[in-house]
Amino acid sequence: MADSSEDSSPCAINETQKQSDEQLNWLLLQYFNIYRTGLSTLATFGSLFIHMIAPFGKTDPELFQVTAITYFIVSLFGLRITYIRQPDFYTQAGVFAFADVTFITLLTHASGGLASSLGLFLVVAVAGASLLLNKRMTIFVAALASVAALIQHSWGLLTGTESYATTVLQGFPQVGALGIGLFTAAALGYSLAQRLRVSEDIARKRGTDLSNLAKVNSMIIERMESAVLVCDDHCQITQYNSQAQRFFGLPEPGKGKETPTLTSTSRSLQGELEEWLTFPSRQQYSPIQTKSGVTVVPRFSPISENRGDGVLIFLSDANALKPVSYTHLTLPTITSGCRSRWTADH
């Protein structure tokens with residue numbers, strides 16, 4: 001009993017919830033690392049073997065190739081450290097979010113800027129980071145990606161390599177739209193992650209409540225003086241207490257090779273159950289002789305509104321239900337001991 005109380009303590013439940021949250025976080029991070037590895041693999045394969053499919057690597061093929069290979073190596077390294085879970089989760093999620101923004105920005109720049117549509121991968125990176133990080137870090141990653149897109153677009157003008165400022169200025173609305181998309185993805189992703197966590201907590205709490213309710217019901221049944229059998233719609237005995245185990249010679253719960261049936265346990269009880277199903281208004285049932293020699297009186301109660309879903313059978317000892325007779329008791333007849341308080345000499 002001490003072990004079960006320790007397992008049901010609030011500290012144990014909180015520790016279990018914490019471990020479940022950590023498992024979910026690491027699983028999400030691992031999935032996102034697989035996506036990151038696939039993206040970097042495609043970029044590396046394209047830069048090495050397909051000789052720069054336009055527009056990828058159109059502006060600077062060498063930068064595109066070096067960035068893709070480095071991104072691929074970092075992704076493989078991420079898969080490894082995610083597997084061993086060192087360093088901690090939030091450190092890995094933050095570092096890889098920064099790496100995604102950096103490498104995707106470089107790939108976009110080497111492919112001719114936002115016109116190559118590679119900037120859309122920044123939206124995916126920010127959305128993925130919002131599922132893993134807290135609110136403050138999510139906003140930071142979205143802002144970092146927006147600034148990176150702005151610098152990438154203005155890089156030629158800032159370094160003096162782009163002589164047409166008009167062309168750069170005409171692209172600012174696209175940069176602004178991308179920035180709005182980044183913050184929108186961050187907000188939606190973070191909101192979705194919060195809802196998923198809340199839903200998971202509710203589901204976990206409901207599961208815990210149902211488990212506790214089942215334990216309480218089991219304890220109540222076990223402590224009842226009457227023998228109790230719980231049968232499903234196929235007359236399989238799904239639960240019983242120690243009193244029923246003693247009456248019918250049933251195996252200990254969970255140790256039997258096969259689930260006992262009502263037919264194999266007591267054919268008389270099976271017959272009374274069929275009578276109860278056929279005539280629901282019947283109130284009294286015939287006593288039954290158990291395998292241990294005890295005579296019991298059955299009572300039936302449906303588990304749900306539909307009697308065919310299952311039944312709860314109570315078996316009371318017939319000897320304990322016999323009425324007590326008081327006819328053998330006699331009252332004293334000595335008149336001297338029965339004086340009235342209203343007599344004159346009282």
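Just above, that's the structure.
The model shown is predicted, which means the values in this text are computed figures rather than measured ones.

## Quick look at helix α8 (residues 172–223)
Between its first and last C-alpha atoms α8 spans 76 Å; for 52 residues at 1.5 Å apiece the expected length is 76 Å, and the two agree. Of all the residues in α8, the buried ones are V175, L178, G179, L182, A185, A186, G189, A193, R204 and I221.

## Observations concerning the environment of P87
With respect to the secondary-structure elements, P87 resides in the loop between α3 (61–84) and α4 (89–110). Residue class for P87 comes out partly exposed when judged on its relative accessible area of 37%. The residues contacting P87, other than those within four sequence positions of it, are W26, I81 and Q92.

## Quick word on the sheet that holds strand β2 (residues 237–240)
Here we have five strands laid out as an open sheet, ordered β2-β1-β5-β4-β3, and antiparallel in their pairing. Each edge of the sheet is formed by a strand with only one pairing partner; in this case those strands are β2 and β3 (288–289). Direction of pairing for β3 relative to strand β4 (residues 295–302): antiparallel, over a ladder of two bridges. Bridge pairing in β4 places Q289 opposite T295.

## A closer look at the pairing of strand β1 (residues 227–232)
Most of β1 is tucked away: five of the six residues are buried. Here β1 pairs with strand β5 (residues 310–317) via six bridges, running antiparallel. Counterpart to C231 in the pairing with β5 is V311. Across three bridges, the pairing between β1 and β2 is antiparallel. Within the sheet, the bridge partner assigned to V230 lies in β2 and is Q239. The hairpin formed by β1 and β2 contains four residues between the paired strands, and C235 there has a positive phi angle of roughly 65°.

## Some words on α4
The terminal C-alpha atoms of α4 lie 31 Å apart, and with 22 residues this matches the ideal 32 Å at 1.5 Å per residue to within 8%. Its side-chain oxygen placed 3.3 Å from the backbone nitrogen of Y90, D88 serves as the N-cap of α4.

## What about the pattern of salt bridges?
Per the counting criterion, the structure on display carries one salt bridge. With its nearest N and O atoms 2.7 Å apart, the salt bridge here joins R36 to D100. On the criterion of sequence distance, the pair formed by R36 in helix α2 (residues 10–49) and D100 in helix α4 is long-range, its members being 64 residues apart. R36 gets classed as buried once you look at its relative accessible area, which sits at 2%.

## Quick word on unusual backbone geometry
Note the cis peptide between Q86 and P87, where omega equals 0°. A positive phi angle, close to 70°, is found at S117, a residue other than glycine. Turning to its location among the elements, S117 is positioned in the loop between α4 and α5 (120–132).

## Notes on the packing of aromatic side chains
Where two aromatic rings form a pair, the distance of their centres and the angle of their planes describe that pair. All told, the structure shown has five aromatic pairs when counted by the stated rule. Centre to centre, the rings of W26 and F89 are 5.6 Å apart; their planes meet at 75°, and the pair counts as edge-to-face. A residue pair is termed long-range when its members are at least 10 positions apart, and W26 in helix α2 and F89 in helix α4 qualify at 63 residues. Residue classification places F89 among the buried residues on the basis of a relative accessible area of 7%. For the ring pair F89 and Y90, a centre distance of 5.0 Å and an interplane angle of 80° mean the geometry is edge-to-face.

Cut-offs and rules
- Along each chain, the written sequence defines residue order, and numbers are assigned to residues from 1.
- Thresholds applied to this predicted model are a pLDDT of at least 70 for local features of residues and 80 or more for the giving and counting of side-chain atom pairs; totals over whole chains, interfaces and linings are not thresholded and use all residues.
- Side-chain numbers here rest on the full set of heavy atoms in the structure, without hydrogens or water.
- Put simply, DSSP marks the helices as runs of H or I at least four residues long and the strands as runs of E at least two long, and each gets a number from the N terminus on.
- Expected helix span is taken as 1.5 Å per residue step, with the number of steps being one fewer than the number of residues.
- Only protein chains enter the accessibility calculation, which uses a 1.4 Å probe; a residue whose area is less than 20% of its type maximum is buried, one above 50% is exposed, and one in between is partly exposed.
- In this analysis, two residues are considered to be in contact whenever any of their non-hydrogen atoms come within 4.5 Å of each other.
- When DSSP finds two or more bridges between a pair of strands, those strands are recorded as paired.
- Contacts described as polar in this section are N or O atom pairs within 3.5 Å, which, within protein, must combine one atom able to donate a hydrogen with one able to accept it, while residues neighboring in sequence count only if both atoms come from side chains.
- Take a side-chain nitrogen of Lys or Arg and a carboxyl oxygen of Asp or Glu: if they are within 4 Å of each other, that pair is a salt bridge.
- Each pair of aromatic rings taken from Phe, Tyr and Trp, with Trp reduced to its six-membered ring, is defined by centres within 6.5 Å and is described as stacked if the planes are under 30 degrees apart, edge-to-face if over 60, and tilted in the remaining cases.

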